Amino acid sequence: MRKKQLMTSSTSSVITLKINGEKHTLPVDHRTTLLDALRERLDLTGTKKGCDQGQCGACTVLLDGRRAVACLQLAVAAENREITTIEGVADGDRLHPVQQAFLDLDGFQCGYCTPGQICSAIGVIEEHAAGWPSAATSDVRPEAGPPPLSAEEIRERMSGNLCRCGAYVSIVEAVARAAGVQADERRGEDVPAGKGAAA
Amino acid sequence: MREFDYQRASDVAGAVALLGADPDTRFLGGGTNLVDLMKSGVERPARLVDIRELPLDEIEPTPDGGLRIGATVTNGDLAAHPEIRRRYPALAQAVLAGASGQLRNMATVGGNLLQRTRCGYFTDVTKPCNKRVPGSGCPAIEGEHHNHAILGASGHCVAVHPSDMAVALAAFDAVVHFHAADGPGQSPLADFYLPVGDTPHRETALPPGALITHVTLPPAPVAARSRYRKVRERASYAFAIGSLAAALDVRDGVVQDARLAFGAVASRPWRAGAAERVLIGAPADAGTYAAAADAELAAARPLPHNGYKVELIRNLVVAVLSELAEEAAR
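Since we're looking at a predicted model, the values are computed, not measured.

Scoring rules and cut-offs
- Residues numbered from 1 in each chain as written.
- Chains lettered and ligands numbered in written order.
- Predicted model: local features only at pLDDT ≥ 70, side-chain atom pairs only at ≥ 80, totals over all residues.
- Heavy atoms only, no water.
- Pairing = 2+ DSSP bridges.
- Helix = DSSP H or I, 4+ residues; strand = E, 2+ residues; numbered from the N terminus.
- Axes fitted to C-alpha atoms, helices over the stretch in contact; angles between N-to-C directions.
- Phe/Tyr/Trp six-rings, centres within 6.5 Å; stacked < 30°, edge-to-face > 60°.
- Domains from an automatic or database assignment.
- Buried area = accessible area lost by both parts, 1.4 Å probe.
- Salt bridge = Lys/Arg side-chain N within 4 Å of Asp/Glu carboxyl O.
- Polar contact = N/O pair within 3.5 Å; in protein donor to acceptor, adjacent residues only side chain to side chain.
- Nonpolar A, V, L, I, M, F, W, Y, C, P; charged D, E, K, R; others polar.
- Parallel < 35°, antiparallel > 145°, perpendicular 65-115°, else oblique.
- Left-handed = near helix turned anticlockwise from the far one by under 90°.
- Contact = heavy atoms within 4.5 Å.
- Disulfide = S-S within 2.5 Å.
- Buried < 20%, exposed > 50% of the residue type's maximum accessible area, 1.4 Å probe, protein only.

What follows covers the sheet that holds strand β5 (residues 82-84) of chain A. Residue and element names in this part refer to chain A. Strand order in the open sheet made by the five strands is β2-β1-β5-β3-β4, with mixed pairing throughout. Strands at the two margins of the open sheet, each flanked by one partner only, are β2 (22-29) and β4 (66-69). Averaged over all neighbouring strand pairs, the angle between strand axes comes to 40°, with direction disregarded. Pairing of strand β3 (residues 60-63) with β5 involves two bridges; the strand directions are antiparallel. Within β5, the residue paired with L63 across the bridge is I83.

Quick look at the packing of aromatic side chains now. Applying the stated criterion to the full structure yields two aromatic pairs over all chains. Ring plane angle 80° and centroid distance 5.2 Å describe the contact between F192 of chain B and Y193 of chain B, whose orientation is recorded as edge-to-face.

To continue, consider the sheet that holds strand β12 (residues 270-271) of chain B. Residue and element names in this part refer to chain B. Strand order in the open sheet made by the four strands is β9-β10-β11-β12, with antiparallel pairing throughout. Strands at the two margins of the open sheet, each flanked by one partner only, are β9 (226-232) and β12. Looking at chain direction, strand β11 (residues 254-263) and β12 are connected through two bridges and run antiparallel. Each bridged residue has a counterpart across the sheet, and for A261 the counterpart in β12 is R271.

Here we take up the domain arrangement of chain A. All names here are of chain A. Structurally, chain A comprises domain 1 (2-88) and domain 2 (97-189). Summing both sides of the interface, domain 1 and domain 2 together bury roughly 1,300 Å²; the carbon and sulfur share of this comes to 58%. Counting every contact that joins domain 1 to domain 2 gives one salt bridge. Where R67 meets E127, a salt bridge forms, and the shortest distance between an N and an O atom there is 3.0 Å. Across the contact surface, domain 1 and domain 2 share seven residue pairs in polar contact (both at pLDDT 80 or more). Looking at the side of domain 1 that touches domain 2, the elements with two or more residues in it are β3 and β4. Sorting elements by how many residues they give to the side of domain 1 that touches domain 2 places β3 first, with three residues. Grouping the constituent residues of the side of domain 1 that touches domain 2 by class yields five nonpolar, six polar and four charged.

Another point: the packing of helix α3 (residues 97-104) of chain A against helix α4 (residues 114-129) of chain A. All names here are of chain A. With their axes 9 Å apart at the nearest point, α3 and α4 run at an angle of 125° to one another. The orientation of α3 with respect to α4, classified from their angle, is oblique. Remark: the crossing between α3 and α4 carries right-handed chirality. Judged by residue contacts, V98, Q99 and F102 of α3 engage T114, Q117, I118, A121, I122 and I125 from α4. When the residues that make up the contact of α3 with α4 are grouped by side-chain class, the tally is six nonpolar, three polar and no charged.

What follows deals with the state of the cysteines. Counted by the stated rule, this structure contains zero disulfides over all chains. Distance from the sulfur of C56 of chain A, which forms no disulfide, to the nearest cysteine sulfur (C51 of chain A) is 3.9 Å. Of the residues examined, C56 of chain A reaches a relative accessible area of 15% and is grouped as buried. Here C129 of chain B is not disulfide-linked; the sulfur of C119 of chain B is the nearest cysteine sulfur, at 6.1 Å.

This paragraph deals with the pattern of salt bridges. Overall, the coordinates contain 35 salt bridges over all chains when judged by the stated rule. For the salt bridge of E3 of chain B with R31 of chain A, the shortest nitrogen-to-oxygen distance reads 3.7 Å. Of the two residues, E3 of chain B is situated in the segment before β1 (5-8) and R31 of chain A in the loop between β2 and α2 (34-41); the pairing between them involves two chains. Put simply, R2 of chain B and D24 of chain B hold a salt bridge, and the shortest N to O gap is 3.5 Å. Linking R2 of chain B in the segment before β1 with D24 of chain B in the loop between α1 (12-19) and β2 (25-28), this pair joins segments that are 22 residues apart in sequence. Residue class for D24 of chain B comes out partly exposed when judged on its relative accessible area of 31%. Each of R26, E43, R116, K131 and E203 of chain B takes part in one network of salt bridges that share partners.

This is the structure we're talking about:
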C-alpha cells in the first residue's frame, strides 16, 4: 500500500540505477541522494558518508567512469548513468591495482576515507592518462604535453579527498605506484599476445 | 529539505516551458551548489527540471574564430579541452583552480555562472541576509567579512561571487546566451551580473525562467598568452581570497594589448578596464603594472578586516604581468 502511494506521488519516483553492472529498481523520495540510496536502500555501504556537503570526498564514486561525490548527486538524477562503487572496482578476487597499492603501501589508517580515496585515485589516473592538466601543471597548453604524474600533481589532483588520520604520504605513494602499474598494463595491450605486462 | 517534484527535460524549449514562470522551480545541472543549498534550506524549490541530458555539452568553433561552450559542459571537460588550453589558457587554469576533481566532473558551465556566494551569513538560514531575505539586514558589514568585497559593494551586501571560471570569461569578453519564454537572448558577461545597490537578491540579467544555453568567447589573440593566479587560505580546494586573470601582448617593450579581471573582490567578476587603459601603449615594466593596478583599485572601499585584498590584488597584477612580459621576451 505504502509502495503504491510512493509510486503515484509527485515527490517520489520508481527509478532504475545501474550499479557495478547490475540494475536495481527502487522507489525513492526525490530528496534521496545517490549516497543514501547506495547505503540505506541497496546495502552498498562501502561508499562512506563524511561531510554530506561535497567537501570531504569520502562518498566518491565513478559516474560514467568519472569520479563524482555521491552526496550531491540526487539518486533520481543518476538514472541512465553507469555507477561504479568501491564494491565494483575489483575484477572478481583480483583487486584493482589502486586497491592493491593502498594495501601494499599502507595508504590508510582507520580506513573510513579509503573507498573514496580509491575511487578518486582511479579517476585521477584515467584523467591523467587522457592528458588532463591540473592546477599544479605549469603549462596547460596541449603542445606542452601531459605533465608527469609527480607527487605534486597527485597531491593537487587528490585534494578533494580528506584523510583525518593524515595518511597522505602513503596515499600519494600508492597512487603513484598504481598509476605506474596501469601505465605498464596499457603499454602491454599493444604488445603481441603472450608478452603482456601481467608479470 | 522540502519535498519536490522532479522532471527531466528533453529539449531546450521544453525545459523552459516546463519551468514556466514558476518561482518555486529550479533547473538542475550538476547540482553541486543547488543540492548543497537545498540541504541547508537556502533553496527550497517545489520542483526541479533536470537539464543535464540536454544536447548542450559541446565545445565548438564559431564562424568568427571564437568558441561556443555549451551550458552543460562540465568544468572538467572545459578545462581539458585542447582549444581552451591553447587559445585561452587562463580559462583552463581558472577552472582547474576551482573546487575538486570530483566537483569539476559534476559542475556545469551554466551552473558555475549562476552559483551563489559562499558568504557565511547567506548560507546560514538562522542569520539575516539581504540577498536571501530582502530587507533583513547584512551582518557581514559589522561582522565576519575578511573575505568580502572591496569593489562595487553597497551598504546592503558585501558578498563576493565565488567563481574562478567567470573571472577568466570576464577578461575575454564572453557573452552569455540563454533561452527565455519569448525566445533566445544574450548578454555580455560584463552586463550579466547586476550592480548590488539595494537589490542584492537580484543577481543576474537572466530573464525569469530563462535557461542559459551556451557561452561564446570571441577570438582574442592576446588570450594565447594569459594566466590565472589564485590566492587562497590553503594550497588547494578552497575559494579565492583574491585572484587575477591576465593576458598581455608586448612588442618592442610596449604593451600592445592587455586584459585584466579580478576575482573574490566583488559581487561579480571584476573586469579591470581602468587598469587596461593605463597599460595599453605604456612601457612594459613594473612601474606601469603598479600604476595600472592603482588606477583600478582607487575605487576600492575596504572594510575593517579585508583591507589586505587591496595590496594582494596590486601584488598579483605586478607579479603576473611581469611573468607574462618576461615569457613574451623569450
